[in-house]
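The chain contents come next:
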Amino acid sequence: MSTMLEVSGLSHRYGTGAKAHTAVNELSFTVEAGQLASIVGPSGCGKSTLLRCIAGLTPPTEGAVSLHGDRVDGVPDDLAVVFQDYSRSLFPWLSVQKNVEFPLRWRSLAKAERRKRAAEALEQVGLSAVGGKYPWQLSGGMQQRVSIARALASRPALLLMDEPFASVDAQTRFELEDLTRRVQREQGSTILVVTHDIDESVYLSDRVLVLSKSPASIVADLPVGLPAERDQITTRESAEFVTLRGEVARLLHGGTPSSETAASATAASDAAEWDLAEHASDVTETKTGS
Ligand SMILES: Nc1ncnc2c1ncn2[C@@H]1O[C@H](COP(=O)(O)OP(=O)(O)OP(=O)(O)O)[C@@H](O)[C@H]1O
């Protein structure tokens, strides 16, 4: 397994002098290729600031971000972001298909290839039938699927998602969580999701990074040893899910990692690594057709 994202000693301060506000404080972590990691933290702790630094939208005050070994000092070509507010990130005057194709205009791709990639991405999110419609003709959940398709069309090395399902109803949220997990498994995507929803962080991820209150620092890095195949009802009822969500909740309320979780985390980490190795070989086999 190779490292896709490396965040080292990252700090970000807004303003200077006496009015300076430290939003992120000396964060260091890595995300391996093919992993789905989530970052959970209290409101206002600095999650969006961290994501903006990773995306190259905001230069960190200190520290560095590297994507597959290359230092990030602007928005990398092979990075895509899905934001919470789909209604502001889609162009209402462009069809769904054109919205998905839009970022590919800056790639040296022939028009036919752009169309093909957009069609493939729409198929991945189950929206092949609505390419000719406009975003405002779709439900909120469908619009967020379009945003995800647009991110996938550029085949990003890293997909960042900032509270991606916070603006949809609970049922749609579940569907989009399952869609994200399916895309990760089928495409071998590396995904980093920021959320304030404890259950979502555990259900979605291979690993949960818990942040402290402002300024954000890492309180715990918990491997999620749940089976790769998850189900919104049975997984959420399982003893392991209930234990992990309790642990994340406790940490968010200022607790320290329990020794029990630390011990089970080691076993879960081994299981997760095994699962990821399995994904990687599945994806390689799919790609090579063997
Ligand atoms: N452009 C800015 N200038 C000054 N302070 C800012 C700026 N953006 C964010 N902050 C401050 O930095 C801190 C972290 O903000 P950030 O939006 O990163 O937190 P967050 O964890 O994403 O919040 P939420 O969960 O509420 O979305 C907050 O105190 C916020 O007020």
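Rules behind the numbers
Residues numbered from 1 in each chain as written. Predicted model: local features only at pLDDT ≥ 70, side-chain atom pairs only at ≥ 80, totals over all residues. Heavy atoms only, no water. 1 Å grid on protein atoms, 1.4 Å probe; cavity = no way out; pocket = protein on both sides within 12 Å on 5 of 7 lines; lining within 4 Å. Points joined across faces, edges and corners; volume = space filled by probe spheres on them. Helix = DSSP H or I, 4+ residues; strand = E, 2+ residues; numbered from the N terminus. Nonpolar A, V, L, I, M, F, W, Y, C, P; charged D, E, K, R; others polar. Buried < 20%, exposed > 50% of the residue type's maximum accessible area, 1.4 Å probe, protein only. Core = buried A, V, L, I, M, F, W, Y, C linked by side-chain atoms within 4.5 Å. Contact = heavy atoms within 4.5 Å. pLDDT = per-residue confidence, 0-100. Pairing = 2+ DSSP bridges. Near = heavy atom within 4 Å. Polar contact = N/O pair within 3.5 Å; in protein donor to acceptor, adjacent residues only side chain to side chain. Areas by Shrake-Rupley, 256 points an atom, 1.4 Å probe, with all protein chains shown as cover. Patch = residues over 30% accessible without salt bridge, like charges linked within 9 Å, V, L, I, M, F, W, Y side chains within 5 Å. Salt bridge = Lys/Arg side-chain N within 4 Å of Asp/Glu carboxyl O. Lys, Arg positive; Asp, Glu negative; His and termini not counted. Charge placed at Lys NZ, Arg CZ, Asp CG, Glu CD.

Before going further, it helps to spend a moment on the layout of surface pockets. Empty space among the atoms becomes apparent when a probe as large as a water molecule is rolled across them. Roughly 570 Å³ of internal volume is contained in the largest pocket. Forming the boundary of the largest pocket are 20 residues, of which L79, A80, V81, P103 and R150 lie nearest the centre. Breaking the lining of the largest pocket down by element, the ones donating at least two residues are β6 (79-82) and α5 (140-153). In terms of residue class, the lining of the largest pocket is built from 14 nonpolar, three polar and three charged.

Attention now moves to unusual backbone geometry. That bond from S214 to P215 is cis: its omega, -5°, falls within 30 degrees of zero. Along the polypeptide, P215 turns up in the loop between β9 (207-211) and β10 (218-223). In the Ramachandran plot, H68 falls in the positive-phi region, its phi being about 35° despite a non-glycine side chain. In this fold, H68 is placed in the loop between β4 (62-67) and β5 (70-71). With relative accessibility at 35%, the residue H68 sits in the partly exposed group. Positive phi, close to 50°, is recorded for R155, a residue that is not glycine. A relative accessible area of 46% places R155 in the partly exposed class.

General note: in soluble globular proteins, nonpolar side chains tend to be found buried as a group. In this structure, V100, I148, L159 and M161 are the most contacted members of the largest nonpolar core, which totals 32 residues. At the level of elements, β6, α3 (96-101), α4 (111-124), α5, β7 (158-162), α6 (170-187) and β8 (191-195) are the ones that each hand at least two residues to this core. No other element matches the six residues that α5 contributes to this core. Those residues in contact with L159 that sit more than four places away from it in its chain are A80, V82, A151, L152, T190, I191 and L192. Judged by nonpolar contacts, the second largest core, of 29 residues, contains V7, V31, L192 and A216.

Before going further, it helps to examine the confidence of the model for the protein chain. Confidence in the prediction for the protein chain averages 86 pLDDT; 88% of positions are at 70 or higher. Low pLDDT (under 50) marks residues 263-290, which in the prediction has 23 contacts with non-local residues, meaning those over four places away or in another chain.

What follows covers the sheet that holds β4. On the basis of which strands lie adjacent, the open sheet formed by four strands has the order β2-β1-β4-β5 and antiparallel pairing. Edge positions in the sheet fall to β2 (21-32) and β5, since each has one partner strand and no second. Pairing of strand β1 (residues 3-14) with β4 involves five bridges; the strand directions are antiparallel. For V7, the partnering residue across the bridge sits in β4 and is V65.

All right, on to the site of the ligand then. Near the ligand, the surroundings consist of Y14, H21, A23, P42, S43, G44, C45, G46, K47, S48 and T49. G44 has a polar backbone atom sitting 2.9 Å from an oxygen atom of the ligand. Coverage of the ligand by the protein chains reaches 55% of its 640 Å² of free accessible surface. Here the shell around the ligand gets three residues from one element, more than from any other, and that element is helix α1 (residues 47-54). When grouped by side-chain class, the residues that make up the shell around the ligand number four nonpolar, six polar and one charged.

In this section: a positive patch on the surface. Where like charges cluster on the molecular surface, the positive patch consists of K98, R105, K111 and R115. Within the fold, K98 resides in helix α3. On the basis of relative accessibility, which here comes to 32%, the residue K98 falls in the partly exposed class.

So, on to α1. When you tally the buried positions in α1, you get six out of eight residues, the bulk of the element. Three or more residues of α1 are buried, namely K47, T49, L50, L51, C53 and I54. G56 occupies a position one or two residues after α1 and carries a positive phi of about 80°.

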